[in-house]
Amino acid sequence: MKPQSKVQVVLLTGGSSGIGAATARLLAENGMTVYSGSRRGTAGEPTEGIIPVRLDVNDEASCREAVSRIVEEQGRLDAVICNAGNGIYGPIEGTTDEETRYQFETCVFGSLKTIQACLPQMRKQGFGRIITVTSVMGILQLPYQGLYSSAKAALLSLSESLSMELRGTGIQCCSILPGDVATGFTAARTFTASSKEPDCPYREQMEKNLAQIEKDETTGMAPSAIGKAILRQLRRRKMSVRKIPRIDYKLVGFIVRILPEEWKIPILAKLYHA
Ligand SMILES: NC(=O)c1ccc[n+]([C@@H]2O[C@H](COP(=O)([O-])OP(=O)(O)OC[C@H]3O[C@@H](n4cnc5c(N)ncnc54)[C@H](OP(=O)(O)O)[C@@H]3O)[C@@H](O)[C@H]2O)c1
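Below: a short report on this structure. (Residues numbered from 1 in each chain as written. Predicted model: local features only at pLDDT ≥ 70, side-chain atom pairs only at ≥ 80, totals over all residues. Heavy atoms only, no water.)

### A word on the site of the ligand
Part 1 of the argument: In the vicinity of the ligand, 29 residues are found, and the nearest of them are Ser17, Arg39, Arg40, Tyr148 and Thr183.
Part 2 of the argument: Here a nitrogen atom of the ligand sits 2.9 Å away from a polar atom, N or O, in the side chain of Asp56.
Part 3 of the argument: A distance of 2.6 Å separates an oxygen atom of the ligand from a polar side-chain atom of Tyr148.
Part 4 of the argument: Considered on its own, the ligand offers 880 Å² of accessible surface; in the complex 95% of this is hidden by protein.
Part 5 of the argument: When residues of the shell around the ligand are traced back to their parent elements, those giving at least two are helix H1 (18-29) and helix H4 (146-165).
Part 6 of the argument: Within the shell around the ligand, the residues separate by chemical class into 9 nonpolar, 15 polar and 5 charged. (Near = heavy atom within 4 Å. Polar contact = N/O pair within 3.5 Å; in protein donor to acceptor, adjacent residues only side chain to side chain. Areas by Shrake-Rupley, 256 points an atom, 1.4 Å probe, with all protein chains shown as cover. Helix = DSSP H or I, 4+ residues; strand = E, 2+ residues; numbered from the N terminus. Nonpolar A, V, L, I, M, F, W, Y, C, P; charged D, E, K, R; others polar.)

Okay, here's the thing in structure tokens:
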């Protein structure tokens, strides 16, 4: 089979809302066929080029079925965008194993299952693009979102290891690290049981922290800004290994990289009310 050089057929997860819905729309408007997967299996207004698919990234069979369907209908799968995600909020102390698993299940294991389901077809084609939607919080750990931060850091790390393992196969990986984006993410956030206890020792700081992060998110970027960054990567001959959309967040990423930990931790703790 002659290797493809252009992305036309895409599997996207988390397409029923926010960043995923905006990205699917943008890619479809730019001539791509997007299988937009989510548990709801919806993708907003019916749009030419978007095929809604019911898909749960936590269910391996569901990921494999989606890939088989795409290959059967299109004969190829050029790109996968692992965007499905959730956020759990609460102090690390008192977080249960079940809550930790809930966070890692979708953001890490779910993305991994999706990628693993796509790889055999991409290998066969000698072409593929794997995009993971992580977060600036994968490189900037914040209080009370330690589980989310660490899940995104894990996914970022997996994406970069994978990009090395896939050298020479024609398959590339890129992680997109959004900052605050105004989506359904804020309303869908769940809370650890211990964070809701009346005698939670972190209550006062947490309330200030939560008010701040909710404000940052709801006044954040439009989800289409992330869609544009994804589209740009898919069009490149060589994708970036990691990409932080928008200059101010890029700057944050740079500062975090050069700042000594002994300075970084107290500054962030103060800024985020820990
Ligand atoms: N909003 C932000 O500020 C921000 C910042 C950085 C990174 N991100 C990341 O961006 C990604 C998209 O989030 P968003 O902001 O667009 O939030 P959102 O509006 O809540 O969208 C989340 C999407 O994930 C899907 N999803 C959740 N669990 C799933 C599962 N098990 N299987 C399949 N789909 C699943 C949801 O659809 P169903 O419920 O229908 O399954 C929904 O379409 C996430 O990975 C998030 O961590 C967001």
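### Some details on the sheet that holds strand E9 (residues 242-243)
Part 1 of the argument: Within the open sheet, the 7 strands sit side by side as E3-E2-E1-E4-E6-E7-E9. Their pairing is parallel. Two strands bound the open sheet, and with one partner strand each, they are strand E3 (50-54) and E9.
Part 2 of the argument: Pairing of strand E7 (residues 171-176) with E9 involves 2 bridges; the strand directions are parallel. Bridged to Ser175 within E9 is Arg242.
Part 3 of the argument: In the packing of helix H3 (residues 97-125) onto the sheet, the strands contacted are strand E1 (9-13), strand E4 (79-82), strand E6 (128-133) and E7, and the crossing angle to E4 comes to about 175°. (Pairing = 2+ DSSP bridges. Contact = heavy atoms within 4.5 Å. Axes fitted to C-alpha atoms, helices over the stretch in contact; angles between N-to-C directions.)

### Points about a positive patch on the surface
Part 1 of the argument: Positive charge collects at one region of the surface, where Arg167, Arg236, Arg237 and Lys238 lie side by side.
Part 2 of the argument: Note on Lys238: relative accessible area 59%, which makes it exposed. (Patch = residues over 30% accessible without salt bridge, like charges linked within 9 Å, V, L, I, M, F, W, Y side chains within 5 Å. Salt bridge = Lys/Arg side-chain N within 4 Å of Asp/Glu carboxyl O. Lys, Arg positive; Asp, Glu negative; His and termini not counted. Charge placed at Lys NZ, Arg CZ, Asp CG, Glu CD. Buried < 20%, exposed > 50% of the residue type's maximum accessible area, 1.4 Å probe, protein only.)

### Concerning the nonpolar core
Part 1 of the argument: By size, the foremost hydrophobic cluster in this structure holds 32 residues, and its most contacted members are Val10, Leu27, Met32, Ile81, Ile131, Ile230 and Leu234.
Part 2 of the argument: When residues in this core are grouped by element, the largest group, 5 residues, is from H1.
Part 3 of the argument: Once residues lying within four places of it in the same chain are set aside, the contact partners of Met32 are Val7, Gln8, Val10, Leu27, Gly49, Leu231 and Leu234.
Part 4 of the argument: Grouped together as the second largest cluster of nonpolar side chains are 24 residues, Cys63, Ala66, Ile115 and Ala117 included. (Core = buried A, V, L, I, M, F, W, Y, C linked by side-chain atoms within 4.5 Å.)

### Structural notes on the packing of aromatic side chains
Part 1 of the argument: Summed over the entire model, instances satisfying the criterion amount to 4 aromatic pairs.
Part 2 of the argument: Between Tyr89 and Tyr144 the ring centres are 6.3 Å apart and the planes differ by 45°, which places this aromatic pair in the tilted class. Of this pair, Tyr89 sits in strand E5 (residues 88-89) while Tyr144 sits in the loop between E6 and H4, and the two are 55 residues apart along the sequence.
Part 3 of the argument: For Tyr89, a relative accessible area of 2% translates into the label buried. (Phe/Tyr/Trp six-rings, centres within 6.5 Å; stacked < 30°, edge-to-face > 60°.)

### Some points on the packing of H1 against helix H7 (residues 223-235)
Part 1 of the argument: Two elements in contact, H1 and H7, have axes separated by 8 Å at closest approach and are oriented at 50°. Our classification of the angle between H1 and H7 gives oblique. The hand of the H1/H7 crossing is right-handed. Of the residues in H7, those touching H1 at Gly18, Ile19, Ala22, Thr23, Leu26 and Leu27 are Pro223, Ser224, Ile226, Gly227, Lys228, Ile230, Leu231 and Leu234.
Part 2 of the argument: Broken down by class, the residue content of the contact of H1 with H7 amounts to 9 nonpolar, 4 polar and 1 charged. (Parallel < 35°, antiparallel > 145°, perpendicular 65-115°, else oblique. Left-handed = near helix turned anticlockwise from the far one by under 90°.)

### Observations concerning helix H8 (residues 247-258)
Part 1 of the argument: The end-to-end C-alpha distance of H8 is 17 Å, a good match for the 16 Å that 12 residues give at a rise of 1.5 Å each.
Part 2 of the argument: Taken together, the buried positions of H8 are occupied by Tyr249, Gly253 and Val256. Seen along its axis, H8 keeps its buried residues to an arc of 65°; they face one direction. Turned more than 90 degrees off the buried face of H8, the exposed positions are Ile247, Leu251 and Ile258.
Part 3 of the argument: On the buried face of H8, the contacting elements are helix H9 (261-271). (Expected span 1.5 Å × (residues − 1). Arc of directions from axis to C-beta.)

### Side note on a nonpolar patch on the surface
Part 1 of the argument: On the surface, a nonpolar cluster with roughly 380 Å² of combined accessible area is contributed by Leu251, Phe254, Ile255 and Ile258.
Part 2 of the argument: Examined against the element boundaries, Phe254 turns out to sit in helix H8.

### Comments concerning the packing of helix H2 (residues 60-74) against H3
Part 1 of the argument: Direction vectors running N to C along H2 and H3 enclose 35°, while the axes themselves pass 9 Å from each other. The chirality of how H2 crosses H3 is right-handed. Here H2 contributes Glu60, Cys63, Arg64, Val67 and Val71 to the contact with H3, which in turn contributes Lys113, Thr114, Gln116, Ala117, Cys118 and Gln121.
Part 2 of the argument: Residue composition of the contact of H2 with H3, by class: 5 nonpolar, 3 polar and 3 charged.

### Remarks on the pairing of E7
Part 1 of the argument: Most of E7 sits out of view: 6 of its 6 residues are buried.
Part 2 of the argument: Across the two faces of E7 the burial is the same, with Ile171, Cys173 and Ser175 and Gln172, Cys174 and Ile176 all buried.
Part 3 of the argument: Sheet topology note: the E6/E7 ladder contains 6 bridges and is parallel. If you follow Gly128 over to E7, its bridge partner there is Ile171.

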